[in-house]
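Notes for the structure review
What follows is the residue order along each chain.
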Amino acid sequence: MATDFWSSTHYKRWIVDRATLRQARATDMRYVDDPEYFIHFSLFFANVITKLGKKLAFRQRVIATAIVFFRRFYLKNSYCETDPFIVIAACCYVAGKAEESPCHIKNIAAEARLLFSQQPYGVKNFPIDNSKLAEMEFYLVADLECDLTVFHPYRTLMSLCRKEGSNESQTEAGEVGVGIDDGPRYWGTGEGQLELPDEALQLAWSIINDTYRSDLCLLYPPHLLAIIALYLTLALHIPTKELIMQKSPLSPSDDSHVSPRRSSRQASASSFGSKKPQDFIGFFSGLNVSMPLIATIAQQMISLYSIWERYKEDVDTSDTARSAFCTQTDSPYSATTQGTGHTLAESRSASHSRVGTPAVEAPDDMRKADGLSVVTPAILVQILTQMRENRLSDLARHCTGGRPVVINKMLERAQAAG
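The present account deals with the structure reproduced in this document. (Residues numbered from 1 in each chain as written. Predicted model: local features only at pLDDT ≥ 70, side-chain atom pairs only at ≥ 80, totals over all residues. Heavy atoms only, no water.)

**Quick look at the overall build of the chain**
Counted only if it meets this: Helix and strand labels come from DSSP, where a helix needs a run of H or I of at least four residues and a strand needs a run of E of at least two; each type is numbered from the N terminus. Partly exposed residues are those whose accessible area sits between 20% and 50% of the maximum for their type, while under 20% is buried and over 50% is exposed, using a 1.4 Å probe and protein chains only. Residues count as neighbours in contact if any of their non-hydrogen atoms are within 4.5 Å of one another. Throughout, the Shrake-Rupley method with a 1.4 Å probe supplies accessible areas, and for residues the shown protein chains are the sole cover considered.
The helix and strand tally for the chain stands at 22 helices and four strands. For the chain, the proportion of its 418 residues judged to be buried stands at 49%. In the chain, 79% of the contacts between residues at least 6 apart in sequence involve partners at least 24 apart. Approximately 20,200 Å² of the chain is accessible, and the part contributed by carbon and sulfur atoms is 53%.

**Side note on the side chain of Thr-211**
Tracing the chain through its elements places Thr-211 in helix 10 (residues 198-211). Thr-211 sits in the buried class, given a relative accessible area of 1%.

**Thoughts on helix 4 (residues 36-55)**
Condition: Helix span, expected: 1.5 Å multiplied by one less than the number of residues in the helix.
Between its first and last C-alpha atoms helix 4 spans 29 Å; for 20 residues at 1.5 Å apiece the expected length is 28 Å, and the two agree. Burial runs high along helix 4: 16 of the 20 residues are buried. Following helix 4 by one or two positions, Ala-57 has its phi on the positive side, about 60°.

**As for unusual backbone geometry**
With omega at 10°, the peptide bond leading from Gln-119 into Pro-120 counts as cis. Tracing the backbone through its elements, the reader meets Pro-120 in the loop between helix 7 (105-117) and helix 8 (130-143). Within the chain, Ala-57 stands out as a residue other than glycine whose phi angle is a positive 60°. For Ala-57, the location among the structural elements is in the loop between helix 4 and helix 5 (60-73). When its relative accessible area of 66% is taken as the criterion, Ala-57 is described as exposed.

**Here we look at the nonpolar core**
The following threshold applies: To form a nonpolar core, buried Ala, Val, Leu, Ile, Met, Phe, Trp, Tyr and Cys residues must be joined to one another through side-chain atoms within 4.5 Å.
Among the nonpolar cores identified, the biggest contains 110 residues, and Phe-41, Phe-44, Phe-70, Tyr-79, Phe-116, Ile-207 and Leu-230 are the most heavily contacted of them. Looking at this core element by element, the count peaks at 11 residues for helix 6 (residues 84-98). Once residues within four sequence positions are removed from consideration, Leu-230 is found in contact with Leu-157, Leu-160, Cys-161, Leu-196, Ala-204, Ala-235, Phe-283 and Phe-284.

**Here we look at the packing of helix 6 against helix 7**
Under the convention used in this document: The axes used here are C-alpha line fits, helices contributing only the stretch in contact, and every angle between their N-to-C directions lies in the interval 0 to 180 degrees. Each crossing gets its handedness from the near helix: less than a right angle anticlockwise from the far helix is left-handed, clockwise is right-handed. Basically, the charged four are Asp, Glu, Lys and Arg, the nonpolar ten are Ala, Val, Leu, Ile, Met, Phe, Trp, Tyr, Cys and Pro, and anything else, Gly included, counts as polar.
Contact geometry of helix 6 with helix 7 gives a least axis separation of 10 Å together with a crossing angle of 145°. As for how helix 6 packs across helix 7, the hand of that crossing is right-handed. Between helix 6 and helix 7, the contacting residues are Phe-85, Ile-88, Ala-89, Cys-92 and Tyr-93 on the first element and Ile-105, Ile-108, Ala-112 and Phe-116 on the second. Of the residues contributing to the contact of helix 6 with helix 7, the split by class is nine nonpolar, no polar and no charged.

**Quick notes on the packing of aromatic side chains**
We count it as follows: Any Phe, Tyr or Trp ring, taking Trp's six-membered ring, that has another such ring centre within 6.5 Å forms a pair; planes under 30 degrees apart are called stacked, those over 60 apart edge-to-face, and the others tilted.
Going through the model one piece at a time under the given rule, you end up with 25 aromatic pairs. Their ring planes at 50° and their centres at 6.2 Å tell us that Phe-38 and Phe-41 sit as a pair that is tilted. Here Phe-38 pairs with Phe-41, and both are found in helix 4, just three residues apart, close to one helical turn. Residue classification places Phe-38 among the buried positions, given a relative accessible area of 10%. Where Tyr-231 meets Phe-284, the ring centres are 6.0 Å apart and the plane angle is 85°; that geometry is what we call edge-to-face. Of this pair, Tyr-231 sits in helix 12 (residues 222-236) while Phe-284 sits in helix 16 (residues 280-286); the two residues are 53 residues apart in sequence, bridging distant segments of the chain. Taken together, the ring pairs connect Phe-38, Phe-41, Phe-44, Phe-45, Phe-70, Phe-73, Tyr-74, Tyr-79, Phe-85, Phe-116, Tyr-121 and Phe-126 into an aromatic cluster.

**Points about the state of the cysteines**
Joining two cysteines, a disulfide is a covalent bond between their sulfur atoms. Inclusion rule: Put simply, a disulfide is two cysteine sulfurs that come within 2.5 Å.
Counting across every chain of the model gives zero disulfides. Sulfur of Cys-91: no disulfide; nearest cysteine sulfur belongs to Cys-92 and is 7.0 Å away. Residue classification places Cys-91 among the buried residues on the basis of a relative accessible area of 0%.

Now the structure itself:
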């Protein structure tokens, strides 16, 4: 395994741009009339992998690796030409091996079959034969080009900050700064690290978890995502910022104002025993990164939370920071978009003219909440099913002289596995 991120295959091969992402979804776009559904698909599939990983007792790092494998796989494949659910099971199987937390294929197949057969997924054709999952593993590793090394922001977060009263430091070489031998570093002795309370550190950790619910793990190096988590925690989340300021020691000017008549011996002893207040602005400015880029990624995370308000799914809220950044009023779906006075529903087109997305019928309380349309896993599963059916219809018309469609071998693999 490469110990330096900058010389790893993660950096050299799997950091892509948005043009590559758009090209990867080009085929799927022909069968969906609203591009925002792909953001909901990212949330949906990340939540599915998280649920399956927890059933398999995987650590968060293993779950994050499985999500990265899933997103890398769909850089080369389309949702409408594959079965994402068997791909999810294969990603968890391979991630367990890659992160040295292997799980027997029979256990993964059994847990996946049980989870996917329940609502809202309703997958009835998950393969009973474990050899189908093993076969999908080979297809997955082939499309990953055997690049199974994945760097995550968690260790970078722990190298930049630590819990209050703790001197432990975990590092991952080459993730912070532009190199190992030059540039500012904040590991080893602990000098320059931020000292955060448990609440703030947990919030930053949860924000990192949320980055895997989008394509940010494909667009940016992991150390930038760790800095984003700290930036959102310290700069934009007001309750955490106030909590840290309350726990910070008084500045020298405040000490002199409280007790102006102290002897020089008492003053020196007091200054020796007190800690210097933490300078968050100075900390971020001292990092060897582009702060405009950090602000851009932070805005993308805020946009994700804004869109997430329209997505309704029962998930474990202990590993997400969604509630900290979503505006909660009388209804959890009545928040407004950043910088405007309009709701999310008003900021989108009210009608779609293209054909492809099925007309999903759902109860009124699921489709709307206070006038704002809501997307549920059941709706996404129905859209995904319709996408595959439309794709198969196009292939059938091509066989009978219809419009030309490029035949994808992965479709044949998915059908064989199913």
